[in-house]
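What the coordinates show
As a plain string of letters, each chain reads:
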Amino acid sequence: MKYKAYEKIYHLMLLPGVIFLFIFSVIPMFGVVIAFQDFKIGRGIADSEWIGLENFLYLFELPDGRTIFYNTVYISAMKLIAGLIVPLAFAILLNELRLVMLKRWVQTVVYLPHFLSWVILANVFTEMLSLGGIVNRVVKWFGGEPVMFLASNKWFPFILVASDIWKDFGFSAIVYLAALAGINPALYEAAEMDGASRVKQLWYISLPSLAPTVALLATLGIGHILNAGFDQVFNLYNPLVYESGDIIDTYVYRVGLVQAQYGFATAVGLLKSVIGFVLIIVSYRLAYKYANYRIF
Amino acid sequence: MKKRNAAAMVLLSTAMLAACSSGETATNAKPGDTKPAAASEKVDQFRMPGPVEVSIFKSVNPTAKLPDGDTVENNQYTRYIKDKTNISFKVLWYASGQDYDQKYKLALASNDLPDAIIVDEAVFRSLAEGGQIEDLTEVYKKYASPLMQELYATTNGKALEKATYKGKLMAIPNISVQGDAVSMLWVRKDWLDKLGLQPPKTMDDVTAIAKAFIEKDPDGNGKADTVGLTGSNSVGASAKAGHHSFKGIYGAFNAYPGNWLKDASGKIVYGSTLPETKMALAKLREMYAAGLIDKEFALRKDPHELVVGGKAGMFFGPWWSSSTPLRDTVKNDPTGDWKPYIIADAKGQLNSLMIPVSNKFLVVKKGFKHPEALMIYINTLVAAERNVDPDAAKLDLKVSRGDYYPLYSTYDYADAVTRKLDLLQKAMEGKMKREELNAELQLLYDRAMRDKANPKADLNDWSATYGYLNGGAALRQKINEVYSAFTSTTKTMERRWANLEKLESETFFKIIMGEQPLDAFDKFVKDWKEQGGDQIVKEIEEELAKNK
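To keep things clear, this report deals only with the structure shown in the data block. These figures come from a predicted structure and were not determined experimentally.

Here we look at the sheet that holds strand S7 (residues 184-188) of chain B
The strands that make up a sheet are held in pairs by hydrogen bonds between backbone atoms, and each pair lies either parallel or antiparallel. Residues and elements named next belong to chain B. Read from one edge of the open sheet, three strands run S10-S7-S11, paired in antiparallel fashion. What marks the edges here is a single partner per strand, and that holds for strand S10 (314-317) and strand S11 (338-341). Ignoring which end each strand starts from, the neighbouring axes of this sheet average 30° apart. For S7 and S10, the ladder comprises four bridges, and the chain directions are antiparallel. Bridge pairing links leucine 185 to phenylalanine 316 in S10. The sheet contacts of helix H9 (residues 203-215) involve S7 and S10, and relative to S10 the element is tilted by about 135°.

Looking at helix H3 (residues 97-109) of chain B
All names here are of chain B. In this model H3 runs 18 Å from its N-terminal to its C-terminal C-alpha over 13 residues, within 8% of the 18 Å that 1.5 Å per residue would give. Restricting attention to buried positions, one finds in H3 the residues Tyr100, Tyr104, Lys105, Ala107 and Leu108. Down the axis, H3 shows its buried residues gathered within 155° of arc, on one side only. The first or second residue beyond H3 is asparagine 111, which carries a positive phi of 55°.

Looking at the nonpolar core
Membership of the largest hydrophobic core comes to 189 residues, with the highest contact counts inside it found for B:Tyr250, B:Trp260, B:Phe297, B:Leu374 and B:Tyr411. Aside from chain neighbours lying at most four places away, what touches B:Tyr250 is B:Val235, B:Gly236, B:Ala237, B:Ala255, B:Pro257, B:Thr277, B:Ala280, B:Leu281, B:Leu284 and B:Phe508. With 22 residues, the next largest nonpolar core counts A:Val110, A:Phe169, A:Leu180 and A:Ile205 among its residues.

Structural notes on the interface of chain A and chain B
Counting from both sides, the interface comprises 40 residues of chain A and, opposite them, 33 residues of chain B. With both sides pooled, the region where chain A packs onto chain B buries about 3,100 Å², and carbon together with sulfur makes up 52% of that total. The largest per-residue losses of area from chain A upon contact with chain B belong to A:Ile41, A:Tyr58 and A:Leu240, which jointly make up 19% of the total buried on that side. Between the two partners, chain A and chain B, sit six salt bridges.

Notes on the pattern of salt bridges
All names here are of chain B. On inspection of all chains with the given rule, the structure shows 37 salt bridges over all chains. For lysine 278, the salt bridge goes to aspartate 519, with nearest N and O atoms at 3.2 Å. Taken together, the residues lysine 278 in helix H11 (residues 275-289) and aspartate 519 in the loop between helix H19 (491-512) and helix H20 (520-547) connect sequence positions 241 residues apart. Note that arginine 386 is salt-bridged to aspartate 412, the shortest N-O span being 3.1 Å.

Re unusual backbone geometry
Comment: phi is negative for the bulk of residues other than glycine, and the bulk of peptide bonds are trans. Residue and element names in this part refer to chain B. With an omega dihedral of 0°, the bond running from threonine 324 to proline 325 counts as a cis peptide bond. Along the chain, the position of proline 325 falls in the loop between S10 and helix H13 (326-332). In this structure, histidine 244 takes a positive phi of about 65° despite not being glycine. Relative to the helices and strands, histidine 244 resides in the loop between H9 and helix H10 (247-252).

Some remarks on the packing of helix H5 (residues 100-111) of chain A against helix H8 (residues 156-181) of chain A
All names here are of chain A. Packing of H5 against H8 brings their axes to within 7 Å, and their N-to-C directions diverge by 130°. Looking at the two axes, H5 sits oblique to H8. Contact residues: Gln107, Val110 and Tyr111 in H5; Phe169, Gly170, Phe171, Ile174 and Leu177 in H8. Class assignment for the residues of the contact of H5 with H8 results in six nonpolar, two polar and no charged.

Points about the sheet that holds strand S3 (residues 116-119) of chain B
Residues and elements named next belong to chain B. Pairing is antiparallel in the open sheet, where three strands are placed in the order S3-S13-S6. The strands lining the two open edges of the sheet, one partner per strand, are S3 and strand S6 (172-173). Pairing geometry for S6 and strand S13 (residues 361-364), over two bridges, is antiparallel. By the bridge assignment, proline 173 is partnered in S13 with phenylalanine 361.

Regarding a nonpolar patch on the surface
All names here are of chain A. On the surface, Leu12, Leu15, Ile19, Phe20, Phe22, Ile23, Phe24, Val26, Ile27 and Phe30 cluster together to form a nonpolar patch covering roughly 1,000 Å² of accessible area. Its location among the elements puts isoleucine 23 in helix H1 (residues 5-26). For isoleucine 23, a relative accessible area of 42% gives the class partly exposed.

Concerning the packing of helix H16 (residues 416-428) of chain B against helix H17 (residues 439-453) of chain B
Residues and elements named next belong to chain B. At a closest axis distance of 10 Å, the pairing of H16 and H17 adopts a crossing angle of 55°. Relative to H17, the element H16 lies oblique. Viewed along their axes, H16 and H17 form a crossing whose handedness is right-handed. Contact with H16, carried on its side by Lys420, Leu423, Leu424, Ala427 and Met428, involves Glu440, Leu441, Leu444, Tyr445, Ala448, Met449 and Lys452 of H17 and no other residues of that element. Partitioned by chemical class, the residues of the contact of H16 with H17 number nine nonpolar, no polar and three charged.

Let's talk about the environment of A:Ile81
Residue and element names in this part refer to chain A. As for its placement among the helices and strands, isoleucine 81 is situated in helix H4 (residues 65-96). A relative accessible area of 51% places isoleucine 81 in the exposed class. C-alpha separation for the pair isoleucine 81 and glycine 221, spaced 140 residues apart in sequence, amounts to 9.3 Å.

The rules behind these values
Residues numbered from 1 in each chain as written. Chains lettered and ligands numbered in written order. Predicted model: local features only at pLDDT ≥ 70, side-chain atom pairs only at ≥ 80, totals over all residues. Heavy atoms only, no water. Pairing = 2+ DSSP bridges. Helix = DSSP H or I, 4+ residues; strand = E, 2+ residues; numbered from the N terminus. Axes fitted to C-alpha atoms, helices over the stretch in contact; angles between N-to-C directions. Contact = heavy atoms within 4.5 Å. Expected span 1.5 Å × (residues − 1). Buried < 20%, exposed > 50% of the residue type's maximum accessible area, 1.4 Å probe, protein only. Arc of directions from axis to C-beta. Core = buried A, V, L, I, M, F, W, Y, C linked by side-chain atoms within 4.5 Å. Buried area = accessible area lost by both parts, 1.4 Å probe. Salt bridge = Lys/Arg side-chain N within 4 Å of Asp/Glu carboxyl O. Parallel < 35°, antiparallel > 145°, perpendicular 65-115°, else oblique. Nonpolar A, V, L, I, M, F, W, Y, C, P; charged D, E, K, R; others polar. Patch = residues over 30% accessible without salt bridge, like charges linked within 9 Å, V, L, I, M, F, W, Y side chains within 5 Å. Areas by Shrake-Rupley, 256 points an atom, 1.4 Å probe, with all protein chains shown as cover. Left-handed = near helix turned anticlockwise from the far one by under 90°.

Keep in mind that these numbers describe shape and distance, not what the molecule does.
Structure (C-alpha cells):
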C-alpha cells in the first residue's frame, strides 16, 4: 500500500488522542490488580496481600447483592428506553416546526437543564416533591392524599427516570436533529410530488433515515446498562428508598470509599466493565445480524 | 545497625534544631511560656526560627462568611498564625461537609496526603499502621506548651494514649469537651407558660407537650402549622449531641444505638440490638404515627429551618444550641424564651453517651521536614482560643473559627463547660473580681454583663453567655455517663460494616415511619448477627483483651 503525503498528516492528527487514551485509560488499567488484593494504601500495590477472587465472591455473597443488581438494571433499562423514545419524538416534532426562530428558541431552552448539576437539581426536586411542595399541592387540588414521593419505594424509580429524561432529552435530541438535517431534501420533494402526506413522509423517509442512529445509540447504551447514574441517585436517595434506589455505584461508594474497601470497589468496577464489554459485543452482533447495521 | 543509624539521625537533627531555635527564645518570650518542657534544651514553643509552609486540605461550611477581600487561605486567623509563629498554610483545596470527606478519602486512597491533616480514629490507625505519618514523640516532649500539657493532664493521660501507636506518639489528639455529648431538649418556655404546661421531665411529658404544641396553636396565628418535634436524616446516636438527633430520646430509654457497650457480665454487646433500643423505637414510632414528629424528618436537608422559621417549639441539641440555631431564631422572634431540659428514663435517671476523650487526630505526613511546626501551631491556636494571648482578643469571633483556622479542632479541659460556668457565675455574683479571671473568661464575663444590662441587644453577646447560663447549668445535674467500650474498627468491620449500617438505618427508619411493624426489629437483630455482627463482637473482645 502506498501512502500519499497528506495521509501522513491524518495519522499525525490521531496522535494526541492516542496519547491521551494511553495516559488516562491504558496506564490506569494496571491499577485493576488491586481487585485481587486486600489493598491497604499504606502498603501499596506491591506489598498488599493477594486474595484471589475473594472480592468478587464477596459481592455475590452480599445479602443485598441481588436487590442492588436488579435495581441497577431496572432503572438503567427504563432510562435507556425512555431516553431513546422521548428525544426521538421530540426531535421529529421539532423538525416539523416551520418557524425557525421558535424552533431555535425551544431547542435552546430544553437543552439547558443538561448543564445543571444533580447537586442543584436534587435540591429543586426535593423541594418540589415535599409534602408542602408544588406537586403535592396539585395532588391535593384534585382531592388526592399528599405523597412523600422521595420516601416511597413505589415512586422512587419513576422519579429517577422522569427527572433524568427531563434533564437530558433536549441535549440527546441534538443527535437526531443533526441526522434529520442530513437527509437529502430531494427525497421529501419527490415524495411530495407523489402525493405523500406529512405522516407518510415521516414514516417512509424520516424514521428509516434515523434508524441507524437509534441502533447506534441503543448499542452504546446497552454497554452502559450497569451505570444507572451515580450522581443522580446519590443526591436524591435516603435510607428509606435503599430498597428500590440503591444501585451498584452508590453501594460501592458507601462500601468502597466511606469504609476504605478500595480492593472491593475496584473489583466491582472491573466486573461492571467486563459485563458492559460483553453486552456491547453481543448487541453489536445482533444489530448486524437482524438490522444489517455496522459501524465498522 | 539500621536502628542505630535512625536514632543517630534523630539525635543529630534535634540537636541542629535546638541550635537553630535557641537564639530566638530570648527575644520572643510568649505568654504562658514560663518554663520549657525539656529543661536541658531551650526551644521556642510559639515560633518557628524561619518561615515554614504547611500544605493542608480545608473543610469549609458553605454558609460561613468572611469579610470582603479575605480568603480561605488569607484571613484574620491565618494572618494571626503567620505573625505569631512564622508558619503559613497552603490550602491545596477546600470543600464542604460530605464533599470534603469524599475528597479527602479519595486523596488518602491515592496516598496523596497533605503535610498535615486532621483525621478520625480509624483513618489515624490505618495511617500509623501504613507508616505514612511522622512519629511525634520527641516533638511533643520538647514543644508542647505548659497549657497544652495541663489540658492533656485533665484527661488522665487518655488523650495521648489514644494517639499512641506501638509506643510512639503518632498524632496530636484533640480533647473533647464532655459536656458536648449531652443531648438536651430545648423548649419554648413562653409557649409552655401560655398553655399552662409544666417543663418536661419524662418522655410522657415530651409527648404531651408536643401534642399541645401542635393542637393548641401556641404561636397564636390561628393556623395548625407547628411541628411537634424535629428530627434529622440520621437515626443513630453519635457521641456528640447533634442537632435534631434522637439521642436524647434513646438516652431516656437507656439505649445507645450504634455503640459498643459492656453488658452486666462484661461481654461486648452492640447497642442497636438491645431491647432498650427496641423500646425507644416503639416510642418514636408511636410519636410519628400521632404526627408529633416532623413528617418529613427523614428527607429534611436542613432541619434548622423549622426552628429558625418559628415552626417548631422543641428540638434536641447540645448545650451550645444558643448559637446555632437559636441565635437566628431569636433574631426572627425575640419573644422566644428557650430553655433546655434533659429527659429522664423510667427510673428518673439522666443518661448520656459520652464522647471519646479524643476522636480527631492531627497527623503529619512522613518526611515533612518540620513536624514541630504543627505542635507550635496548636500551642498558638490554643493560646488564642483560651485567650491566654491578649492579641487574640482582637480577632473577630463572628468569623467562624472552625472554618477559617487552617486546622481546627477542640482542645479544652474535659470538663470545660461547668468549670467555666462556675467561674463566670462567681464573677457575676461579685464573689470574684474580673481581674482574677483568665483572659478567656474576662471576655465571657464582659459579654454576660453587657447582655444583662441590655438583654438581646447584641445577639453575639447573648448567644455566647446564654449557652453557659442555661445549657451549661443543665449539665450540673447528676448524669449517668456511658462510654463506648470500643471506638475503632476490626477486620470484619472493614468488610461488613457498610452492609450492617445499611441494614440498621433502613430498618430503624422504616419502623419509626410505620412502614414495617415494630417486630421487624427482632428480624434485624437476627440478620445483623448472622451477617457478621457476631464475628465483629468476637474480634472486638479479642482486641480489648490484647490492649489490657
